[in-house]
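Here is how the chains run, residue by residue.
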Amino acid sequence: MTRRKEMFEEINQDLLGFLDSSPTSFHAVENMKHMLERAGCQRLMEGRHWELKKGVGYYVTRNDSSLIAFRVPEKNFLGFQIMAGHSDSPALKIKANAELLVEKKYVRLNVEKYGGMLCAPWLDRPLSVAGRVVVRTLDGVESRLVNVDRDLLIIPNLAIHMNRKVNEGYEFNAQRDLLPLFGGEEAADGFMKVVAEAAKVGTEEILDMDLFLYNRMKGTLLGMNREFIAAPRLDDLQCVFASLKGFLEAAPGRSVPVHCVLDNEEVGSSTKQGADSTFLKDVLQRINSAMGRGQEEYLTALASSFMVSADNAHSVHPNQPDKADPVNRPFMNEGIVIKYSANQKYTTDAVSGAVFKAICEKAEVPYQVFFNRSDMVGGSTLGNISNSQVALNTVDIGLPQLAMHSCYETAGAKDTLYLAEAARVLYSSSVCGDGDGAYRMVW
Ligand code: ZN
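Every chain is numbered on its own, with residues counted from 1 as its sequence reads. Selection of residues for local features in this predicted model requires a pLDDT of at least 70, selection of side-chain atom pairs for listing and counting requires 80 or more, and totals for whole chains, interfaces and linings are taken over all residues. Note that the side-chain values use all heavy atoms of the structure and ignore hydrogens as well as water.

### Some remarks on the environment of Leu-44
Logical step 1: Counting from the N terminus, the helices are the DSSP runs of H or I reaching at least four residues and the strands are the DSSP runs of E reaching at least two. Residue position: Leu-44 is located in strand E1 (residues 42-44).
Logical step 2: When accessible area is computed with a 1.4 Å probe and restricted to protein chains, residues below 20% of their type maximum are described as buried, those above 50% as exposed, and intermediate ones as partly exposed. Using a relative accessible area of 8% as the deciding quantity, one classes Leu-44 as buried.
Logical step 3: Contacts between residues were defined by any pair of non-hydrogen atoms, one from each residue, lying within 4.5 Å. Excluding anything up to four places from it in sequence, Leu-44 contacts Trp-50, Leu-52, Tyr-58, Tyr-59, Val-60 and Phe-70.

Written as structure tokens, this is what we have:
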């Protein structure tokens, strides 16, 4: 018991470090690259020829914001065992020519919304800026990661005295209410200098940028027994981190383990690096052909493959418990949530749900079930979008959390370890099927 308690503490401390150093999808990918390389995985480039060796782990990135890692089994492989999550979170993105002057006294920054965010939590707290800049080189352009990494901005609320009705509900106007304050009059023309300094380049070298605001408040474990984890970007980096931990700890199996992290889920996935792109399909096909196999063997392998679409789920809310389904009620720290939806917004069906339950039982971790209330339209995720590109038996799961799409979310500390353990079992196993409805699990 004590050992597991230590493991809960350890994995969440690691997760907090990962979240803190991953303010954007670009940084999350960079941190995963380091973790994979430390474990001996080798980098592949999409634009170069792939030569794969049996028993070796590899990773490939697209747009520096999506990443797929896999390991080639020693023997001829049966299929692919995939866990997919997303690297992005809702945020405010900085527009070009960002500085806006207010009566020559204040400098604000011009921003727009990325994704379906809860707006209120972004106000009245220290914020900073991170992302990437693209700079001139001698023969072209090159991308540089940037994180200003200091308290830089704030989006101030209007005092209650100037809107007495604000607590009865407020509609945020993104162009008026969500612009951060950058400085006093001396700050004019300073923003790009701050960015260039953080990127260690000259301002004149910067040709373009993808920069986002992020919450400076660090993640923490809280509650009477430190049973909750509260932090920015738990959706979906908690799942992504648990998947990577499971991938790195998995024993070699008969199938190819594939840790897949895609960008742009929060804006519909339809980018070249999103779930609606060919990235996953391209990688699976290249693994297949690099191992000297043809199209027939590729399609056979897909029938014996399994995908877990891992994206956080809603826990019953302590202050509004009636928002959840009457009987299928996930709670934090009570295990991985399997998500169902009759109209297939989630990919889970009786077969993929049952297979995932068997994986959880093998991993000795609890699971629970989520349905939306029948009178509520829920969110969607990347599982069914990815299936339109590469069709596989897929289950939609997630870890239960509160305040989804806030810039500071709350989840269960135990659940991180539960998912890492289930991921380890998934990546070590195979789910063999011929397409006749029967599946054999090879552990
Ligand atoms: Zn998500």
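### Observations regarding the packing of aromatic side chains
Logical step 1: Only rings of Phe, Tyr and Trp enter the pairing, Trp through its six-membered ring, and a pair is recorded when the two centres are within 6.5 Å. The plane angle decides the type: under 30 degrees is stacked, over 60 is edge-to-face, the rest tilted. With the rule as written, the count across this model stands at 10 aromatic pairs.
Logical step 2: Here Phe-8 and Tyr-418 contribute two aromatic rings whose centre-to-centre distance is 5.9 Å and whose plane-to-plane angle is 90 degrees, an arrangement assigned as edge-to-face. Remark: Tyr-418 occurs in helix H10 (residues 413-428) and Phe-8 occurs in helix H1 (residues 2-20); sequence separation between them is 410 residues.
Logical step 3: With relative accessibility at 11%, the residue Phe-8 sits in the buried group.
Logical step 4: A ring is considered to have a charge above it if a Lys NZ or an Arg CZ atom is located within 6 Å of its centre and within 35 degrees of its normal. Sitting above the plane of the Phe-247 ring, Arg-71 keeps its charged end 4.7 Å from the centroid.
Logical step 5: Between the NZ or CZ atom of Arg-293 and the centre of the ring of Phe-77, over which it lies, the distance is 3.7 Å.

### Brief notes about the side chain of Thr-394
Logical step 1: Position of Thr-394 relative to the elements: it lies in strand E18 (residues 393-398).
Logical step 2: For the purposes of these results, a polar contact is taken to be a pair of N or O atoms within 3.5 Å, where, inside protein, one atom must be able to donate a hydrogen and its partner to accept one; residues adjacent in sequence count only when each atom of the pair is a side-chain atom. Of note is the side chain of Thr-394, whose polar atom sits 2.8 Å from the side chain of Asn-387.
Logical step 3: The contact partners of Thr-394, leaving out residues within four places of it in the chain, are Met-307, Ser-309, Thr-347, Thr-348, Ser-352 and Asn-387.

### With respect to the domain arrangement of the protein chain
Logical step 1: Throughout, the edges of the domains are those of an automatic or database domain assignment. One can read the domain layout of the protein chain as domain 1 (2-89 + 232-442) and domain 2 (91-215).
Logical step 2: Here the C-alpha centre of domain 2 lies 32 Å away from the C-alpha centre of domain 1.
Logical step 3: On the domain 2 side, the residues contacting the 21 residues of domain 1 number 20 residues.
Logical step 4: Between domain 1 and domain 2, the buried area comes to about 1500 Å², and carbon and sulfur atoms account for 63% of it.
Logical step 5: Our count for the domain 1 to domain 2 interface comes out at eight residue pairs in polar contact (both at pLDDT 80 or more).
Logical step 6: Here the side of domain 1 that touches domain 2 is composed, by residue class, of eight nonpolar, seven polar and six charged. Note on definitions: buried area is the accessible-area loss of two parts on being combined, 1.4 Å probe, summed for both. Charged means Asp, Glu, Lys or Arg here, nonpolar means Ala, Val, Leu, Ile, Met, Phe, Trp, Tyr, Cys or Pro, and polar covers whatever is left, Gly included.

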